[in-house]
Amino acid sequence: MTQTAEYEITRVYDAPREAVYAAWTEPERFSRWFGPRMLSTPVGRIVLDARPGGAWQATLVGEDGFEATLGGVYREVRAPERLVLTTGDPDEPGDGPASVVTVELTEADGKTEMRFHQFGVNTDEAHAEQAKAGWVEFFDRLGEHLAA
């Protein structure tokens, strides 16, 4: 039986919605926040073809030669308010974890509320908690990027 897990993270950033959306869709900005602090995400190792059916891919690189590539496909793109993308292939996940991520951006008084929802297949609660903790760190970095 396929295990599923889901969670949501909401953040409010002191930045306009267009800036938060650009941080998700422009490689130069994405590279500044995507990934844990101990790894880098070089701009040249990022593909963000932000259109329905377009691919996204990012390779995280460590000092010791470690590399991990993440990617999927955009299912929905409505600038600057909504992105729906996959990690892996949730329709045909095989044995590996895969998910659907929805990012919704709402602006009020010059600030942006970002609602992040992830639904994973072949994902147990422990894996989902690890993934959520990773995203929390990524979103801390996103806030730092937007404040700079």
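Refer to the preceding data block for the structure.
What counts and how
Residues numbered from 1 in each chain as written. Predicted model: local features only at pLDDT ≥ 70, side-chain atom pairs only at ≥ 80, totals over all residues. Heavy atoms only, no water. Pairing = 2+ DSSP bridges. Helix = DSSP H or I, 4+ residues; strand = E, 2+ residues; numbered from the N terminus. Axes fitted to C-alpha atoms, helices over the stretch in contact; angles between N-to-C directions. Contact = heavy atoms within 4.5 Å. Core = buried A, V, L, I, M, F, W, Y, C linked by side-chain atoms within 4.5 Å. Buried < 20%, exposed > 50% of the residue type's maximum accessible area, 1.4 Å probe, protein only. Polar contact = N/O pair within 3.5 Å; in protein donor to acceptor, adjacent residues only side chain to side chain.

**Considering the sheet that holds strand β4 (residues 67-78)**
Here is step 1 of the chain: The seven strands are arranged β1-β7-β6-β5-β4-β3-β2 in an open sheet whose pairing can be described as antiparallel. Looking at the sheet topology across the chains shown, the edges are occupied by β1 (4-13) and β2 (46-48). Neighbouring strand axes in the sheet, compared pairwise and without regard to direction, differ in orientation by 20 degrees on average.
Here is step 2 of the chain: The sheet strands contacting helix α3 (residues 125-147) are β1 and β7 (111-121), and the helix crosses β1 at an angle near 15 degrees.

**Some remarks on the nonpolar core**
Here is step 1 of the chain: In this structure, Trp24, Trp33, Phe34, Phe116, Trp135, Phe139 and Leu142 are the most contacted members of the largest nonpolar core, which totals 33 residues.
Here is step 2 of the chain: If one sorts the elements of this core by residue count, α3 sits on top with six residues.
Here is step 3 of the chain: Beyond its immediate sequence surroundings of up to four residues, Leu142 is in contact with Tyr13, Ala23, Trp24, Trp33 and Met114.

**Regarding the side chain of Thr59**
Here is step 1 of the chain: Structurally, the position occupied by Thr59 is in strand β3 (residues 55-61).
Here is step 2 of the chain: Among the polar contacts made by the side chain of Thr59, one reaches the side chain of Thr69 at a distance of 2.9 Å.
Here is step 3 of the chain: What Thr59 contacts, discounting residues up to four positions off in sequence, is Ser40, Thr41, Pro42, Arg45, Glu67, Ala68 and Thr69.

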